[in-house]
Amino acid sequence: MAKVYGGGVLKLYGVIPDGRGDDFAYFQQQIPGTYFLLGGSDFSKGIVAMPHAPNFAVDERVIEYGVNYFSSLLVERLGL
């Protein structure tokens, strides 16, 4: 990851959902997979809402980190 982020990651803090009402586990009974959480809260901006909440918001700075992180997983998996 240091190759992608230069040794640092922007730390954003928020509430992590506990999984109630999530059906991903049912999918994994048929096809193995991995569940990732990518935080997008920023308390200083008042962005703390949970996904699927009517006041949902995300700090858009996290989009770049998410794209870079998941792209780096593919690059490492493919050995490129």
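Everything discussed here concerns the structure shown above.
The rules behind the values
- Residues numbered from 1 in each chain as written.
- Predicted model: local features only at pLDDT ≥ 70, side-chain atom pairs only at ≥ 80, totals over all residues.
- Heavy atoms only, no water.
- Helix = DSSP H or I, 4+ residues; strand = E, 2+ residues; numbered from the N terminus.
- Buried < 20%, exposed > 50% of the residue type's maximum accessible area, 1.4 Å probe, protein only.
- Contact = heavy atoms within 4.5 Å.
- Areas by Shrake-Rupley, 256 points an atom, 1.4 Å probe, with all protein chains shown as cover.
- Patch = residues over 30% accessible without salt bridge, like charges linked within 9 Å, V, L, I, M, F, W, Y side chains within 5 Å.
- Salt bridge = Lys/Arg side-chain N within 4 Å of Asp/Glu carboxyl O.
- Phe/Tyr/Trp six-rings, centres within 6.5 Å; stacked < 30°, edge-to-face > 60°.

S.K.: What should I look at first to understand the overall build of the protein in this one?
M.R.: If you tally the helices and strands in the protein, you get three helices and zero strands. Listing every helix and strand of the protein by position from the N terminus yields α-α-α. Per-residue burial for the protein yields a buried fraction of 12% across its 80 residues. In the protein, once contacts between residues fewer than 6 apart in sequence are set aside, the share between residues at least 24 apart is 52%. Here the protein has roughly 6800 Å² of accessible surface; of this, 59% comes from carbon and sulfur atoms.

S.K.: What am I meant to see in a nonpolar patch on the surface here?
M.R.: Where nonpolar side chains cluster on the molecular surface, the patch consists of Phe36, Leu38, Phe70 and Leu73 and spans about 330 Å² of accessible area. Along the chain, Phe70 falls in helix H3 (residues 61-78).

S.K.: What am I meant to see in the packing of aromatic side chains here?
M.R.: Aromatic ring pairs are defined here through the distance separating the ring centres and the angle between the ring planes. By the definition in use, this model includes one aromatic pair. Seen from their ring centres, Tyr69 and Phe70 are 5.4 Å apart, and the 75° between their planes marks the pair as edge-to-face.

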